Every structure is written in structure tokens, then in C-alpha cells.
Amino acid sequence: MSPYQRVNAQTANPVNFLLHLIGFVGAAYYLWNHNWEWAVLFGLVLPLVGHVYTWFAEKGKNMPMTLWRELWLSHAEPVNTVLHLIGLVLAVMGFWRHDYYYLAGAVVACGV
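Small disclaimer: the values here were computed from a predicted structure and weren't measured. (Residues numbered from 1 in each chain as written. Predicted model: local features only at pLDDT ≥ 70, side-chain atom pairs only at ≥ 80, totals over all residues. Heavy atoms only, no water.)

**Thoughts on the overall build of the chain**
Argument step 1. For the chain, the count of helices and strands is six helices and zero strands.
Argument step 2. Seen through its C-alpha atoms, the chain measures out along the principal axes to roughly 45 × 30 × 20 Å.
Argument step 3. Counting over 112 residues, the chain shows a buried share of 27%.
Argument step 4. For the chain, the proportion of contacts with a sequence separation of at least 24, taken over those separated by at least 6, is 65%.
Argument step 5. Summed over all atoms, the accessible surface of the chain reaches about 7,500 Å², with 74% contributed by carbon and sulfur.
Argument step 6. Averaging the coordinates of the 5 positive side-chain charges in the chain and doing the same for the 5 negative ones gives two points 11 Å apart. (Helix = DSSP H or I, 4+ residues; strand = E, 2+ residues; numbered from the N terminus. Buried < 20%, exposed > 50% of the residue type's maximum accessible area, 1.4 Å probe, protein only. Contact = heavy atoms within 4.5 Å. Areas by Shrake-Rupley, 256 points an atom, 1.4 Å probe, with all protein chains shown as cover. Lys, Arg positive; Asp, Glu negative; His and termini not counted. Charge placed at Lys NZ, Arg CZ, Asp CG, Glu CD.)

Now the structure itself:
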């Protein structure tokens with residue numbers, strides 16, 4: 001398993017996934033209210049804390065291959081990463097500008 005795939009597999013940890021979800025919802029809320037500082041705090045710091053927690057919790061252990069982890073590993077391809085980054089940029093623009101077309105574009109880019 002490559003380091004890139006290992007980081008993607010760590011996202012399937014329940015604590016890490018919950019911190020990512022809270023970070024996304026908090027960032028979306030604060031972007032909608034035009035508050036960049038809190039949006040960055042929620043959108044970057046919480047997922048980073050989740051990855052650090054998972055790295056220490058699963059360090060040296062063989063990660064069990066669950067269905068959720070297999071799903072995350074199936075998306076660990078460079079093309080999917082580029083599409084998810086495009087969707088992230090569209091989502092940030094959509095929440096900042098209150099434009100549903102950007103948000104729909106983000107859903108389409110991430111759903112491919």
C-alpha cells in the first residue's frame with residue numbers, strides 16, 4: 001500500500017471521518033456567513049487533527065479491511081483526487097457567493 005493510499009484508508013477511521021464531517025459542516029457554515037478565519041479553522045484544523053489521531057492510533061498495526069475502507073481505497077486514484085479538488089474549489093466558491101450552480105458543480109465533480 002502506497003503512502004497516498006494509506007492516508008486515504010485512514011479517512012475510513014470513525015473518529016477521523018467524524019472530524020472531517022464536523023470540519024466540512026463548520027467550514028460551510030462560516031463560509032456562508034463570510035467568515036474566512038473560522039472556515040479555515042474548521043476546514044483545515046479538524047481534518048488535520050483527525051489524520052494525526054488516526055496515524056498514532058493505527059501506527060504499526062495492520063489496518064482491518066472493512067467495506068468503508070475498501071470504498072475509500074477505490075477512490076485513491078490521481079484522477080479522482082483532481083476531481084475532488086475541483087469540487088472543493090467549486091464548493092468554497094458556492095458557499096462564499098451563495099450560488100447554487102457552483103454547489104451543484106461541486107456535487108457533480110465529487111460524485112464522478
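**Description of the side chain of Thr54**
Argument step 1. The topology assignment puts Thr54 in helix 3 (residues 36-57).
Argument step 2. With residues up to four places along the chain from it excluded, the contact list for Thr54 reads Gln10, Asn13 and Asn16.

**Looking at the packing of aromatic side chains**
Argument step 1. The full count for this structure, using the stated rule, is nine aromatic pairs.
Argument step 2. Where Trp32 meets Tyr100, the ring centres are 6.2 Å apart and the plane angle is 40°; that geometry is what we call tilted. Linking Trp32 in helix 2 (residues 14-32) with Tyr100 in helix 6 (residues 100-111), this pair joins segments that are 68 residues apart in sequence.
Argument step 3. Judged by relative accessible area, Trp32 falls into the partly exposed class, the value being 28%.
Argument step 4. Grouping aromatic residues by their ring pairs yields a cluster made of Phe24, Trp32, Phe95 and Tyr100. (Phe/Tyr/Trp six-rings, centres within 6.5 Å; stacked < 30°, edge-to-face > 60°.)

**Topic: the environment of Ala12**
Argument step 1. Tracing the sequence through the fold places Ala12 in the loop between helix 1 (3-10) and helix 2.
Argument step 2. Taking the C-alpha atoms as reference, Ala12 lies 9.9 Å from Met65; in sequence the two are 53 residues apart.
Argument step 3. If near-sequence neighbours (up to four positions away) are discounted, Ala12 is found in contact with Trp68, Arg69 and Trp72.

**Concerning helix 1**
Argument step 1. Inspection of helix 1 places Asn8, Ala9 and Gln10 among the buried residues, and these make up the whole buried set.
Argument step 2. Buried positions along helix 1 lie against helix 2, helix 3 and helix 4 (67-74).

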